[in-house]
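# Architecture and fold: a report
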Amino acid sequence: MWRRKSRYWKIGIVGIFILFILPRAYAFWRQWTSSTSIPPDVDVVISMSRNGLYYTPVYNVWIRRDGTVVYDGKDRVAVKGMQKMTISRDDVEQLISEFERVDFFSLEDNYEPPERLKVASHPEYITISLTAGEQSKSVTYTGTSFGGAGLFEIERRIEAIANAKGWIRAD
């Protein structure tokens, strides 16, 4: 009699494992190992907004996956107003891979410097946004040294694209 109950107990444990624990473990594993890569057929819009005080340029840039770049210069820039150009899809794909490299969708929404440095040394706010299909994320940070990992590189790449025609700074 005892052996019979022992066998049913083992079958029950295996059943619980198969029905409840295994699917949850698999779901966790899939989430943990899933790639954050953006599929090539998804529409992507990258934007950067720089708002500053005193001497920093104020402008917005939008970059679409098809290579369309729209620039809107506001203040302290070489060219004010809306401008439009086209860049190669390879340049856009390199920029998208930079977002993937820093795992942009997992970054914090806001990065702030220490209170004592807020006004004195970093009077600019930079917002970088990425919309890929249904996913969207915006990260705001103050100054280049207080951004999350990789934001500085992304900011410089977007700025280089926008300044290719001398819109931000006349070289």
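The structure presented is a predicted model; accordingly, all values stated were derived computationally and were not measured.

When helices and strands are counted, the protein shows four helices and seven strands. Here the protein holds 171 residues, and 36% of them are scored as buried. For the protein, the computed accessible surface area is about 10,900 Å², with 57% contributed by carbon and sulfur atoms.

Before going further, it helps to spend a moment on the side chain of K137. Secondary-structure assignment places K137 in strand β7 (residues 135–142). A distance of 2.6 Å separates a polar side-chain atom of K137 from the backbone oxygen of L107. A distance of 2.6 Å separates polar atoms of two side chains, one belonging to K137 and the other to D109.

The next thing to look at is helix α4 (residues 151–162). Over its twelve residues, α4 extends 16 Å from the first C-alpha to the last, a length consistent with the 16 Å expected when each residue adds 1.5 Å. Buried within α4 we find L151, I154, E155, I158, E159, I161 and A162. What you see down the axis of α4 is that its buried residues fit within an arc of 160 degrees, all on one side.

With that out of the way, let us pick up the nonpolar core. Counting 33 residues, the largest nonpolar core has I46, I63, F99, F104, I128 and I158 as its most contacted members. Those elements that provide at least two residues to this core are β1 (44–52), β2 (58–64), β3 (68–75), α2 (89–101), β6 (124–132), β7 and α4. With five residues, the top contributor of residues to this core is α4. Among all residues touching I158, those that are not within four sequence positions of it are I46, M48, V61, I63, L95, F99 and I128.

The predicted model of the protein averages 79 in pLDDT, with 68% of residues at 70 or higher. Within the protein, no element has a lower average pLDDT than helix α3 (residues 118–121), which sits at 57, and none a higher one than strand β4 (residues 81–86), at 95.

This part covers a nonpolar patch on the surface. Taken together, the side chains of L53, Y54 and Y55 define a hydrophobic patch exposed on the protein surface, amounting to about 400 Å² of accessible area. For Y54, the position within the fold is in the loop between β1 and β2. Since its relative accessible area comes to 58%, Y54 is described here as exposed.

So, about the pattern of salt bridges. Using the criterion set out here, one finds twelve salt bridges in the structure. Linking D72 and K74 is a salt bridge whose minimum nitrogen-to-oxygen distance equals 2.8 Å. Classification of K74 as partly exposed rests on a relative accessible area of 44%. In this structure, D75 engages R76 in a salt bridge whose closest nitrogen and oxygen atoms are separated by 2.7 Å. On the accessibility criterion, D75 (30% relative accessible area) is partly exposed. Look at the salt bridges and you will find they share partners, linking R50, E155, R156 and E159 into a network.

Moving on, we get to the packing of α2 against α4. Where α2 contacts α4, the axes come no closer than 10 Å and their chain directions differ by 165 degrees. In terms of orientation, α2 and α4 fall into the roughly antiparallel class. Judged by the twist between their axes, the crossing of α2 over α4 is left-handed. For the pair α2 and α4, contact is made by Q94, L95, E98, F99 and R101 and by E153, I154, R157, I158 and I161, respectively. For the contact of α2 with α4, the residue count by class is five nonpolar, one polar and four charged.

Our focus in this paragraph is α2. Along an α-helix, a turn takes 3.6 residues, which lines up residues three or four apart on a common side. With 13 residues, α2 extends 18 Å from end C-alpha to end C-alpha; this agrees with the ideal 18 Å at 1.5 Å per step. Where α2 is buried, its residues touch β1, β2, β6 and α4. Looking one or two residues past α2, D103 carries a phi angle of roughly 55 degrees, positive in sign.

Conventions and cut-offs
Each chain has its residues counted from 1, running along the sequence as written. The model is predicted, so local features are restricted to residues of pLDDT at least 70 and side-chain atom pairs to those at 80 or more, both for listing and for counting; the totals for chains, interfaces and linings are taken over all residues. The basis for every side-chain value is the complete set of heavy atoms in the structure, and neither hydrogens nor water enter the calculation. A run of DSSP states H or I qualifies as a helix once it reaches four residues; a run of E qualifies as a strand once it reaches two. Both are numbered from the N-terminal end. Exposure classes here rest on a 1.4 Å probe applied to the protein chains alone. A residue is buried below 20% of its type maximum, exposed above 50%, and partly exposed in between. Using a 1.4 Å probe, accessible areas were evaluated by the Shrake-Rupley method; residue-level cover was limited to the displayed protein chains. Counting of polar contacts relies on pairs of N or O atoms within 3.5 Å, with two restrictions inside protein: one atom must be capable of donating a hydrogen and the other of accepting it, and residues adjacent in sequence are counted only when both atoms are side-chain atoms. In this scheme, a helix's expected span is set at 1.5 Å multiplied by one less than its residue total. Think of it as the arc spanned by the lines of direction from the helix axis to the C-beta atoms. By convention a nonpolar core is built from buried Ala, Val, Leu, Ile, Met, Phe, Trp, Tyr and Cys residues, the set being connected through side-chain atoms within 4.5 Å. Contacts between residues were defined by any pair of non-hydrogen atoms, one from each residue, lying within 4.5 Å. The quantity called pLDDT is the predictor's confidence in a given residue, expressed from 0 to 100. Candidates for patches are residues over 30% relative accessible area with no salt bridge; among them, like charges are joined within 9 Å and nonpolar side chains (Val, Leu, Ile, Met, Phe, Trp, Tyr) within 5 Å. Salt-bridge detection follows one rule: a side-chain nitrogen of Lys or Arg within 4 Å of a carboxyl oxygen of Asp or Glu. Note on geometry: axes are lines fitted to C-alpha atoms, helical ones only across the stretch in contact, with angles between N-to-C directions running from 0 to 180 degrees. Angles below 35 degrees are treated as roughly parallel, those above 145 as roughly antiparallel, those between 65 and 115 as roughly perpendicular, and all remaining angles as oblique. In a left-handed crossing the near helix is turned counterclockwise from the far helix by less than a right angle, and in a right-handed crossing that turn is clockwise. Ten residue types, Ala, Val, Leu, Ile, Met, Phe, Trp, Tyr, Cys and Pro, are classed as nonpolar, four, Asp, Glu, Lys and Arg, as charged, and the remainder, Gly among them, as polar.

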